[in-house]
Amino acid sequence: MRKIAILGSTGSIGTQTLSVVREQGDIGVAALAAGSNTVLLERQIREFSPELVCVWEEAAAARLRESIADLSVRVVSGMEGLLEVAVYPKSELLVTAIVGMLGIRPTIAAIQAGKKIALANKETLVTAGHLIMPLARERGVPILPVDSEHSAIFQSLQGAVYDGGRNRIEKILLTASGGPFRGKKREELADIQVEDALRHPNWSMGKKITIDSSTLVNKGLEVMEAKWLFGVEPERIQVVVHPQSVIHSAVEYEDGAVIAQLGTPDMRLPIQYALYYPERRPLSGERLDLFALGQLTFERPDLDTFRGLPLAYEAMRRGGNIPTAFNAANERAVALFLERKIAYPQITEIIAACMEEASYQEAPDLDAILETEASAYEYIARRWGEV
Ligand code: NAD
Ligand code: MG
């Protein structure tokens, strides 16, 4: 039986990955890692029988060891533990479903160990795409996108390769729902509360990405993710607001043909496609009903209100470690907003300030990426006080 490992098994992508595994029944789970939800992790251990699990904090890992003393599962903790899960010999594919730059080191380690990557953790490509993509090519490891838009692009590219090479991508049409504040103007964002921002119209996801979707920072991260995954220059990636989230993204070729992937909003499809690529399997759930939908609509993104998106394009244009400054600032700002320590519009203010403040480095290695992250955190603490 093929076996996989999952980083972030208790989260939104992690649990949906396990639901695909449960429904298909022919993939085994070799190793799991989670943050702090040991109650759910224990249930997953009892259902899927991994041999190795990682819990971030050692104290929580110790408690878990006691409550599963009847099983022969090894429980590890911390970054060392995450790295062990990432390279676990019996797994052939790693699903990266943790949030943020924390995923960089385990992703790199997994590629070095020859694991296929089903990549949900977009922050790793945004900040370290220039290290990860060449390494994956060198090791012959596929990076299979789990993000719904990137899976749609990947699906739309099937058939692009022919005997003589590969058909050129003229443009990528990256769709965006527009989030819960679509149609609002900049001044109307001032008193948005955490609860408002967590109410996404079409998708149920982890908190960080839900906030990112509301600010359109998520779309900015996705433009950078697409650049690395598909080797397309940012000018060729166009964000299209499409509130129904039915067209998950599209590729325009040189002859003007636009190939898209459509479906109901259900993350299990891109997850399953990544797990079984290039095979398609049956999948339970609702089917797309065009008659019930009636119409699909499209708008340009409002770049004046949602500054996160133009800031992402600027970060990409400047390159080097600036996307890391963008991403690290956003990770910290979103955490502060969730803790109710800053106001909603400050998220993009903090991103802009950290991009301004960062000292430019052209091709940062892993240490320089992590230093840029630490500098952004320090700067935020200094400038925004005891937050
Ligand atoms: P989530 O918050 O629901 O889950 C995060 C998971 O990571 C949890 O299992 C948590 O326990 C684990 N985790 C957190 N800190 C950890 C640590 N220190 N060590 C080990 N595990 C830790 O997040 P999510 O929505 O599933 O998103 C995961 C990633 O996938 C993000 O990068 C996100 O941008 C991307 N993504 C998510 C969706 C979605 O529909 N949820 C769609 C596209 C892309
Ligand atoms: Mg997405």
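Quick note: structure is the one above.
Below you will find a few notes about this structure. Please read all numbers here as calculations on a predicted model, not as lab measurements.

What about the sheet that holds strand β7 (residues 143-145)?
Working step 1: Spatially, the seven strands line up as an open sheet ordered β4-β3-β2-β1-β5-β6-β7, and their pairing is parallel. Every other strand in the sheet has two partners, leaving β4 (74-77) and β7 as the edge strands with one partner each. Between one strand and the next, the sheet's axes are offset by a mean angle of 25 degrees, whatever the strand orientation.
Working step 2: Where strand β3 (residues 52-55) meets β4, four bridges bridge the pair, whose relative direction is parallel. The partner of L52 across the bridge, within β4, is R74.

Describing the coordination of the magnesium ion (ligand 2)
For a metal with four tetrahedral donors the ideal donor-metal-donor angle is 109.5 degrees, whereas six octahedral donors ideally subtend 90 or 180 degrees.
Working step 1: Within the first shell, the magnesium ion (ligand 2) binds the protein through D147 (OD), E149 (OE) and E222 (OE), at distances of 2.1 to 2.2 Å.
Working step 2: Mapped onto the sequence, the residues coordinating the magnesium ion (ligand 2) show the spacing D-x1-E-x72-E. The same class applies to D147 as to E149, namely buried.

Concerning the site of ligand 1
Working step 1: Around ligand 1 there are 23 residues in total, and T10, G11, S12, G35 and E123 lie nearest to it.
Working step 2: Contacts to ligand 1 include I13, whose backbone N or O atom sits 2.9 Å from an oxygen atom.
Working step 3: In this structure, A120 approaches ligand 1 through a main-chain N or O atom, which is 3.4 Å from an oxygen atom.
Working step 4: Coverage of ligand 1 by the protein chains reaches 86% of its 820 Å² of free accessible surface.
Working step 5: Only α1 (12-24) and α6 (122-139) provide two or more residues apiece to the shell around ligand 1.
Working step 6: A per-class count over the shell around ligand 1 returns twelve nonpolar, eight polar and three charged.
Working step 7: Shared between two domains, the shell around ligand 1 takes at least three residues from each, and those domains are domain 1 (2-145) and domain 2 (147-266 + 285-301).

A word on the packing of aromatic side chains
Working step 1: Applying the stated criterion across every chain, the model contains six aromatic pairs.
Working step 2: Seen in terms of ring centroids, Y273 and Y277 are 5.7 Å apart; in terms of plane orientation they differ by 70 degrees. Their pairing is edge-to-face.
Working step 3: Y277 sits in the partly exposed class, given a relative accessible area of 31%.
Working step 4: Judged by centre distance (5.4 Å) and plane angle (65 degrees), the ring pair of F337 and Y344 falls under edge-to-face.
Working step 5: The exposure class assigned to F337 is buried, which follows from its relative accessible area of 2%.
Working step 6: Of the aromatic side chains, those joined through ring pairs into one cluster are F154, Y273 and Y277.

Calculation rules
Residues numbered from 1 in each chain as written. Chains lettered and ligands numbered in written order. Predicted model: local features only at pLDDT ≥ 70, side-chain atom pairs only at ≥ 80, totals over all residues. Heavy atoms only, no water. Pairing = 2+ DSSP bridges. Helix = DSSP H or I, 4+ residues; strand = E, 2+ residues; numbered from the N terminus. Axes fitted to C-alpha atoms, helices over the stretch in contact; angles between N-to-C directions. Donors = N, O, S within 2.8 Å, 3.2 Å for Na, K, Ca; no water. Buried < 20%, exposed > 50% of the residue type's maximum accessible area, 1.4 Å probe, protein only. Near = heavy atom within 4 Å. Polar contact = N/O pair within 3.5 Å; in protein donor to acceptor, adjacent residues only side chain to side chain. Areas by Shrake-Rupley, 256 points an atom, 1.4 Å probe, with all protein chains shown as cover. Nonpolar A, V, L, I, M, F, W, Y, C, P; charged D, E, K, R; others polar. Domains from an automatic or database assignment. Phe/Tyr/Trp six-rings, centres within 6.5 Å; stacked < 30°, edge-to-face > 60°.

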